[in-house]
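Observations on the three-dimensional arrangement
In case you want the letters, here they are:
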Amino acid sequence: MDPSLPSVILFILIGYVLSSFDNRHHNVTRRYDYCVLGAGPAGLQMGYFLSKARRNYVILERNSGPGSFFNKYPRHRKLISINKIYTGRGNREFNLRHDWNSLLSDKPDLLFKRVSDDFYPPADAFPQYLSLFVGELGLRVQYGVDVGRIRAVQSATGRHYILTDQHASDYTCSVLLVATGLWVPHTVDFVGADLVEGYESISTNPDDYKDQAVLILGKGNSAFETAQSILGRASRVHMLSSSPVRLAWQTHYVGDLRAVNNELIDTYQLKSLDGLAEARLEKIVIAQQKEEGKRRLGGKKKEKRKQLYLTLNKYMHSRNSFDATQEELPGHHIDNFPMRKPYDRVIRCLGFRFNFSIFDSSACPPNSENAKGRLPELTPWYEGKNTPGLFVLGTASHSRDYRSSAGGFVHGFRYTARAVHRLLEHRYHRNAWPSTQLLATHLQSWILKRVDEASGPYQMFEVLGDVILLRGSHCEYLEEFPLQALPQLSSLSGHDVSMHGLIVVVMQYGKKKIDYLGRSRAETEWTNAWKSNFLHPVLYYYKTLPSVEEMKLRPNGWPLPRPQAIHHIVEDFLTEWDAPISHIQPLRRFLEHCLQTDLRAFYAESCFHLSLTHRMPPLFCQQGYLKQQGIPRNSQLRQRVHDAGLTHTEQDVGTSDADSTFPNYLAPAGASVSSGLKLDL
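Anyway, here's the lowdown on the structure attached to this text. All values reported here derive from a predicted model rather than from experimental measurement.

1. Comments concerning the overall build of the protein
Scanning the protein from terminus to terminus reveals 19 helices and 22 strands. The 681 residues of the protein split such that 52% are buried. By sequence separation, contacts in the protein at least 24 residues apart represent 66% of the contacts at least 6 residues apart. Accessible surface for the protein amounts to roughly 33100 Å². Of this, 50% is attributable to carbon and sulfur atoms.

Here you go:
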């Protein structure tokens, strides 16, 4: 026997074992309750909520770190999301209204300002912040997992999703949360599209555009960002799209053109060679005209750099060629055609679209009619249409509020992600939507606290709202429920509506077209609160839940169907709705109408007299004075009552910041007894 044979056999066995291990590694199936696809801001935000609830989840990311989109985009490396650090307020919830980059967590210092204090931060700061978020919260992220196929399978245990990566490994989950964002460049099919450069690949060095004429297709922020970067070098910059420019400060939609990017509007209106034009991109042709240069000595020709012309389909003899004759150029037909001169470069800046290609037909949500089919169609609770158990988060979920609210941006979808998680907790774990139990007499103060501080309804105006379930002398307060899902409130939240009805608190803008910088742009008189143009609270009272049909037939531009009663709180320059006459008194009277009870606040002396003269004293006296929680008007009497031990101690109430006769949540709610609350009915 060959003495080396045992060594050879051992070597073969070791190789077989290693090969088997490698095959198992690449073909293993991993099972989770929740799979989150994408480690961008939306995926990490959902990961935080799942981690906090101790759920079995995994976040799958194809790149080597979180937020990889921001390693490349925006191309000119400046974010336009506000990072306002100094607000003059110490209230964290209020400050999130003006912090458009931070994610939600229970760590008060885990905010974006740790990586940048710039009002418009550098794009490189965002992946840095997301890495901090992952590390400090210990989120379960697997990097380098490039999912190329998603399919749905129905089994005896129910529907589940199988995700297959580049190594043919499978990840199986009951609930799939897609947070891939939008990263596939959106294109339009027209003749000559191959001659156009894409935003995703253009040079960002302004010197590369010296003395060049540039045509930019698109008028969104990426287009204007590109134009602004080359204004000082290009000879002229023209911009073309099917619609005119929409300014964010006019539309109140942060996805429209922001002032930080609109310098070209100045140069256009002040006639400094740049300009804007409109045309349907499907009908244009980007063509080049062949020209022969002068002959050199020796008979050779010098070919000039080919310039690009904008023309129209109707002028082209051949619809498949982008080589145009002189007769096919628009200047031949209209001698003052606005864009008759040639361009050195044409750049496409049309935004991005959702990547539908990774979904099998069994798991693919349909295209939404919004945003020209670039986004998936979703239910009002962000579940894919015809794909139960598949939810879409983040920018890709913007089809629910496209061009109307902030759901496509971090400061908006951090709240819709929380709403989806609350829904998941009820559907799969029997945990009802979180609610606060309030006495009816405390409802007004709680509403004022929310409209003055809460960031969710403020950012996701007309999309998320607070729902108040009336129960007679008390109520349940549900925060940030998706308004379009109101007909399904009971099944989605685990809370039923009683015979007393419900109130929905919404932040919304006025619907009238106005001069947004004109003298009459704001309404200050509370009797005309319904004419408010700026963001302001609106309360809708329903005796029963609106139906799905009523939701479909709601008035144009309304977030909800017509209610039994509606109340607008007049807009406020400071967005602080705390004025006794203009804000508090009208709100109290509306609530009294809905609850059919007296909600005025009384001092102990008044409650004493009312208790002697009325069978049923006001609710405030029933829930306060008659339970030894009255507040004497006279300071000497108040001291005597305290010395006699007739009031609760601070330990009993659980707060040292407020009068001990108040429940502990009324101090932060700003509850008070003032002349503004004591006006007669």
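2. Details of helix α9 (residues 410-429)
A rise of 1.5 Å per residue sets the reference length of α9, with its 20 residues, at 28 Å; its end C-alpha atoms lie 27 Å apart and thus fit the reference within 8%. Looking one or two residues past α9, Arg 430 carries a phi angle of roughly 60°, positive in sign.

3. A look at the sheet that holds strand β19 (residues 474-482)
The sheet built from 6 strands is open, its strands ordered β17-β19-β18-β20-β21-β22 with antiparallel pairing. The open sheet has two edge strands with one neighbour each: β17 (435-439) and β22 (565-568). If you compare each strand with its neighbour and ignore which way they point, the axes differ by 20° on average. Summarising the sheet, strand β18 (residues 464-470) and strand β20 (residues 502-508) pair through 4 bridges and their orientation is antiparallel. Within β20, the residue paired with Asp 466 across the bridge is Val 505.

4. Description of the nonpolar core
Formed by 114 residues in total, the largest nonpolar core has its most connected members in Leu 44, Ile 150, Leu 163 and Leu 177. Setting aside residues up to four positions removed in sequence, Leu 177 forms contacts with Tyr 34, Cys 35, Val 36, Leu 37, Met 46, Leu 50, Phe 391, Leu 393, Val 420 and Leu 424. Ile 503, Val 505, Met 507 and Ala 565 belong to the second largest nonpolar core, which has 31 residues in total.

5. Some words on the packing of aromatic side chains
Taken as a whole, this structure holds 22 aromatic pairs when the rule is applied. On the basis of an interplanar angle of 85° and a centroid distance of 5.5 Å, the ring pair of Phe 69 and Phe 70 is categorised as edge-to-face. Three or more aromatic residues link up through ring pairs in this structure, and these residues are Tyr 48, Phe 49, Phe 69, Phe 70, Tyr 73, Phe 112, Phe 126, Tyr 129, Phe 133, Tyr 199 and Phe 352. Positioned over the ring face of Phe 94 is Arg 89, at 3.9 Å from the centre of the ring.

6. A few points about the pairing of strand β12 (residues 284-288)
Most of β12 is tucked away: 5 of the 5 residues are buried. In β12, alternate side chains face the same way, and those of Ile 284, Ile 286 and Gln 288 on one face and Val 285 and Ala 287 on the other are all buried. One ladder, built from 5 bridges, connects β12 with strand β13 (residues 308-312); its direction is antiparallel. In the sheet register, Gln 288 faces β13, and the bridge partner there is Leu 308.

7. Some details on the pairing of strand β5 (residues 158-164)
Residues in a regular strand project their side chains so that they alternate between the two faces of the sheet. Counting buried residues in β5 gives 6 out of 7 residues, a clear majority hidden from the surface. Across 7 bridges, the pairing between strand β4 (residues 149-155) and β5 is antiparallel. Of the residues in β5, the one forming a bridge with Arg 149 is Thr 164. Pairing geometry for β5 and strand β6 (residues 170-178), over 4 bridges, is antiparallel. Paired with Tyr 161 across the strands is Cys 173, a residue of β6. Counting the residues in the hairpin turn of β5 and β6 gives 5 residues, including Ala 168, whose phi is positive at 70°.

8. Overview of unusual backbone geometry
A cis amide bond links Tyr 73 to the next residue, Pro 74, at an omega of -10°. By the secondary structure assignment, Pro 74 is in the loop between β2 (57-61) and α3 (92-95). For Arg 54, which is not glycine, the phi torsion reads 60° and is therefore positive.

9. Section: the packing of helix α2 (residues 41-52) against α9
When two helices pack together, their arrangement is given by the angle between the helix axes and by the axis-to-axis distance. Here α2 crosses α9 at 35°, and the two axes come no closer than 9 Å. α2 and α9 meet at a crossing whose hand is right-handed. Together, Pro 41, Ala 42, Gln 45, Met 46, Phe 49 and Leu 50 of α2 and Val 410, Phe 413, Arg 414, Ala 417, Arg 418, Val 420 and His 421 of α9 make up the contact between the two elements.

10. Description of the pattern of salt bridges
Tallied over the full model, the rule gives 25 salt bridges. The salt bridge involving Glu 282 is made with Arg 280; its shortest N-O contact spans 3.8 Å. What makes Arg 280 partly exposed here is its relative accessible area of 48%. Note that Arg 450 is salt-bridged to Asp 466, the shortest N-O span being 2.7 Å. Taken together, the residues span a long stretch of sequence, with Arg 450 in helix α10 (residues 443-453) and Asp 466 in strand β18 at a distance of 16 residues. What makes Asp 466 buried here is its relative accessible area of 2%. Via salt bridges that share partners, Arg 418, Arg 450, Asp 466, Glu 479 and Glu 480 belong to a single interconnected network.

What counts and how
- Residues numbered from 1 in each chain as written.
- Predicted model: local features only at pLDDT ≥ 70, side-chain atom pairs only at ≥ 80, totals over all residues.
- Heavy atoms only, no water.
- Helix = DSSP H or I, 4+ residues; strand = E, 2+ residues; numbered from the N terminus.
- Buried < 20%, exposed > 50% of the residue type's maximum accessible area, 1.4 Å probe, protein only.
- Contact = heavy atoms within 4.5 Å.
- Areas by Shrake-Rupley, 256 points an atom, 1.4 Å probe, with all protein chains shown as cover.
- Expected span 1.5 Å × (residues − 1).
- Pairing = 2+ DSSP bridges.
- Axes fitted to C-alpha atoms, helices over the stretch in contact; angles between N-to-C directions.
- Core = buried A, V, L, I, M, F, W, Y, C linked by side-chain atoms within 4.5 Å.
- Phe/Tyr/Trp six-rings, centres within 6.5 Å; stacked < 30°, edge-to-face > 60°.
- Lys NZ or Arg CZ within 6 Å of the ring centre and 35° of its normal.
- Left-handed = near helix turned anticlockwise from the far one by under 90°.
- Salt bridge = Lys/Arg side-chain N within 4 Å of Asp/Glu carboxyl O.

Read these as spatial facts, not as claims about activity.
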